Amino acid sequence: MAASDVSLRECHVHPVVLFSICDSFERRNEDAKRVIGTLLGTNVHGSVEVTNCFSVPHNESEDEVAVDMEFARNMYELHRRVNPNETIVGWYATGIDITEHSVLIHEYYNRECNNPIHMTVDTSLRDGKATIKGWQSQIMGVTSKTQGVLFTPVPVEIVFYEPEKVGVDMVVEGKSSGRRTIDVVNDLENVGKSAAKLQEMLAIVISYVDEVLAGKIPADNTIGRYLLDLASTVPQLEPREFEEMLNNNMKDLLMVVYLSNLVGTQLQLNEKINMLELTTK
């Protein structure tokens, strides 16, 4: 089993991957104890970013495991047609255990990419959450003698693109809703919510600074450095300049909204004209 010279340093996972894994687990066969699949993304100098995945059918018993490798290859080729930048970076399995069968499956993925990552997702929620862990294989033993495989942990972090974060925030809000649903807010309401949240966080920071200056709580050097970095990123603008910049950006946004609505109206009108011409012929 060949391994890459570059060890895995970290693994970043996007929410769509976790949703896909949970969906595959819910749709599994009744006799299936776990679900496995291929992880797609990028691996740059040991920093893995997982942006997509797909499940792979397999049969598993105490004595043997059979994986539909032809299905995995076909699915990968289809994904490559849609997004050629995504390559195989490893595989996932539901549950928290790494078994002897995991070693055999890992050997297959080791032939598909260099130093694949193995990610386990605890879909049983044993600790009240879906525990996610990353692993990489390393050969252990004496050269020219019997060798084994050791799985060592890799730090895993969930990251978001901006559109993904909006979707995840809505899912979280829908969880606490009595109807289990939530309405999509328009741009203006979203700006209002963001401004209110920013104002709330600023109030917390100001309260902390006031208590430190009054001697009620001890100062924290780490928090002080964070506040200094935050203050240094704020542009030095006069109130009049800031108001003018905000108004210009708002005008640009309103112009884009107006043009998009105008284009939509033109398309609907053109469709109706075409339908009228077809009915009159």
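Everything below is about the structure printed above this text.
Heads up: these notes are all about the structure in this document. Here the structure is a predicted model, which means the values were calculated and not measured.

Some details on the overall build of the protein
At step 1: Secondary structure summary: the protein contains 7 helices and 10 strands in total.
At step 2: Taking 281 residues into account, the globule formula puts the C-alpha radius of gyration at 19 Å, and the protein, at 26 Å, lies well above it.
At step 3: Principal-axis analysis of the C-alpha atoms places the extent of the protein at approximately 85 × 75 × 40 Å.
At step 4: Out of the 281 residues belonging to the protein, those deemed buried represent 24%.
At step 5: For the protein, contacts bridging at least 24 residues in sequence account for 58% of all contacts bridging at least 6.
At step 6: Taking the 25 positively charged and 41 negatively charged side chains of the protein as two groups, their mean positions are separated by 2 Å.

A closer look at the pairing of strand β3 (residues 47-56)
At step 1: Burial analysis of β3 places 7 of its 10 residues in the buried class, the great majority of the element.
At step 2: Here 4 bridges tie strand β1 (residues 10-13) to β3, and the two strands are oriented parallel to one another. The partner of C11 across the bridge, within β3, is V48.
At step 3: Of the pairings in the sheet, the one linking strand β2 (residues 36-44) to β3 comprises 9 bridges and is antiparallel in character. Within β3, the residue paired with T42 across the bridge is E49.
At step 4: What sits between the antiparallel neighbours β2 and β3 is a turn of 2 residues, in which H45 has the positive phi angle 55°.

Details of the packing of aromatic side chains
At step 1: Taken as a whole and assessed by the stated rule, the structure comprises 2 aromatic pairs.
At step 2: When the centroid spacing of 6.0 Å and the interplanar angle of 10° are considered together, the rings of W91 and Y109 count as stacked. In this pair, W91 sits in strand β6 (residues 87-94) while Y109 sits in helix α3 (residues 100-112), placing the two residues 18 residues apart along the sequence.
At step 3: W91 gets classed as buried once you look at its relative accessible area, which sits at 0%.
At step 4: For Y109, a relative accessible area of 1% gives the class buried.
At step 5: Ring plane angle 75° and centroid distance 4.9 Å describe the contact between Y108 and Y109, whose orientation is recorded as edge-to-face. For the pair shown, Y108 and Y109 are each scored as buried.
At step 6: Every member of this aromatic cluster is reached through a ring pair, and the members are W91, Y108 and Y109.
At step 7: The ring of F25 carries the charged tip of R28 above its face, separated from the ring centre by 3.9 Å.

Here we look at the pattern of salt bridges
At step 1: Under the defined criterion, the tally for this structure stands at 4 salt bridges.
At step 2: Here R34 ties to E60 by a salt bridge, and the two come within 3.0 Å at their closest N and O atoms. Highlighted residues: R34 in the loop between α1 (15-26) and β2 and E60 in strand β4 (residues 58-60), separated in sequence by 26 residues.
At step 3: In this structure R34 comes out as buried when scored by relative accessible area, which is 9%.
At step 4: Note on E60: relative accessible area 33%, which makes it partly exposed.
At step 5: E244 is the salt-bridge partner of R240, the closest N and O atoms lying 3.9 Å from each other. Linking R240 with E244, this pair stays in helix α7 (residues 239-280), spanning 4 residues, or about one helical turn.

Some words on helix α2 (residues 69-82)
At step 1: Look at α2: 20 Å from first C-alpha to last across 14 residues, which is about the 20 Å you get at 1.5 Å a residue.
At step 2: Those residues of α2 not exposed but buried are A72, Y76 and H79. The buried residues of α2 occupy an angular sector of 65° when the element is viewed end-on, so they sit on one face.
At step 3: Summarising the contacts, the buried residues of α2 are in contact with β2, β3, β6 and α3.

Procedures and definitions
- Residues numbered from 1 in each chain as written.
- Predicted model: local features only at pLDDT ≥ 70, side-chain atom pairs only at ≥ 80, totals over all residues.
- Heavy atoms only, no water.
- Helix = DSSP H or I, 4+ residues; strand = E, 2+ residues; numbered from the N terminus.
- Rg over C-alpha atoms; globule rule 2.2 N^0.38 Å.
- Buried < 20%, exposed > 50% of the residue type's maximum accessible area, 1.4 Å probe, protein only.
- Contact = heavy atoms within 4.5 Å.
- Lys, Arg positive; Asp, Glu negative; His and termini not counted.
- Charge placed at Lys NZ, Arg CZ, Asp CG, Glu CD.
- Pairing = 2+ DSSP bridges.
- Phe/Tyr/Trp six-rings, centres within 6.5 Å; stacked < 30°, edge-to-face > 60°.
- Lys NZ or Arg CZ within 6 Å of the ring centre and 35° of its normal.
- Salt bridge = Lys/Arg side-chain N within 4 Å of Asp/Glu carboxyl O.
- Expected span 1.5 Å × (residues − 1).
- Arc of directions from axis to C-beta.

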